Amino acid sequence: MSKYFAPSELIINQDGSVFHLHLHPEHLADKVILVGDPGRVSQVSSHFESIECEVSNREFKSVTGVYKGKRITVVSTGIGCDNIDIVVNELDALANIDFETREEKENLRQLTFVRIGTCGGLQEYVPTGTYIASEKSIGFDGLLNFYAGRNEACDLEFEAAFKKHMNWNELLCTPYVIDADKELIERVAADDMVKGVTIACGGFFGPQGRELRIPLADPNQNKKIEDFEYNGYRITNFEMESSALAGLAKLMNHKAMTCCMVIANRRAKEVNANYKNSIDGLIERVLDRI
Ligand code: R1P
Ligand code: URA
């Protein structure tokens, strides 16, 4: 028997669109680009040769169109892993739940997600302007811990080594270590992006070791992160969504990865706040390779 999803669990608007995204099932392409900033959606879709639909609700702006013969949907997620929970679950529902019967479809669709974002660099070899593809993500956000299958999906040995190195504060939720889709990483990162390990944080300031007026619980956090090494892996960057995306996609059998342009060099304490034009190079690479 197929699984049935009650109206309170999968909320469908009166016009047949999904609750937050306002997209209809027929509007979703198999290839999906996710961006944080709603303003980045039109930057991506400006490369499309034709546009099929455009919808917007809250921070979620979506455009489906065609780029070099490929049908692609681009969606903004806003900031944070909590929004990734909404976006990825609703996109999966659009693909794999029948909105008439509210039942899981018999033949499931596999989606491909590539997130294009910005990040803070943590090593000397990733200065501002570097494109980093997150081969692995460490989730400081806790989202995946709420889903069954989390342990099977994650690299538990890496997690244990990281927690030991950090002398992990048990007041914080358990970090989870999750791989991006390997084939997608090879294809999209190719030989001109740095393949790295990304920490996805539940905040921009304290969780990323930025101290403004409130002192940090662990002033040595970032130094310990920069020094950590495991099986040849170093931690390269901070952002706020890659772990939830890689984790949910893996549990749902979709393909996913994140690539980000470094805009803040945390070691040199430099920033490129005027990055909006220069991220176009990353957008073009992803559009060509997705
Ligand atoms: C913080 O400024 C935001 O920038 C990064 C972080 O992940 C967070 O969402 O990504 P985006 O530029 O895609 O939003
Ligand atoms: N996005 C982040 O999450 N952190 C940074 O330092 C820059 C962009």
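Cut-offs applied
Residues numbered from 1 in each chain as written. Chains lettered and ligands numbered in written order. Predicted model: local features only at pLDDT ≥ 70, side-chain atom pairs only at ≥ 80, totals over all residues. Heavy atoms only, no water. Buried < 20%, exposed > 50% of the residue type's maximum accessible area, 1.4 Å probe, protein only. Helix = DSSP H or I, 4+ residues; strand = E, 2+ residues; numbered from the N terminus. Arc of directions from axis to C-beta. 1 Å grid on protein atoms, 1.4 Å probe; cavity = no way out; pocket = protein on both sides within 12 Å on 5 of 7 lines; lining within 4 Å. Points joined across faces, edges and corners; volume = space filled by probe spheres on them. Nonpolar A, V, L, I, M, F, W, Y, C, P; charged D, E, K, R; others polar.

With an unreviewed UniProt entry as reference, the protein chain is termed Nucleoside phosphorylase, source organism Hoylesella nanceiensis.

Among the residues of helix H4 (residues 156-166), Phe 158, Glu 159, Phe 162 and Met 166 are the ones counted as buried. Projected onto a plane normal to the axis of H4, the buried residues spread over an arc of 100° and lie on a single side. Seen from the open side of H4, the exposed residues pointing more than 90 degrees away from its buried face are Glu 157 and Lys 164. Taken from the residues just after H4, Asn 167 is the one with a positive phi, measuring 50°.

Roughly 710 Å³ of volume is contained in the largest pocket. As for the largest pocket, its lining consists of 23 residues, of which Asn 89, Asp 92, Ala 93, Ile 97 and Met 252 are closest to the centre. Counting residues per element, the ones that place at least two in the lining of the largest pocket are helix H2 (81-96) and helix H7 (242-252). Looking at the lining of the largest pocket element by element, the count peaks at 7 residues for H2. Its residues assigned to classes, the lining of the largest pocket shows 14 nonpolar, 3 polar and 6 charged.

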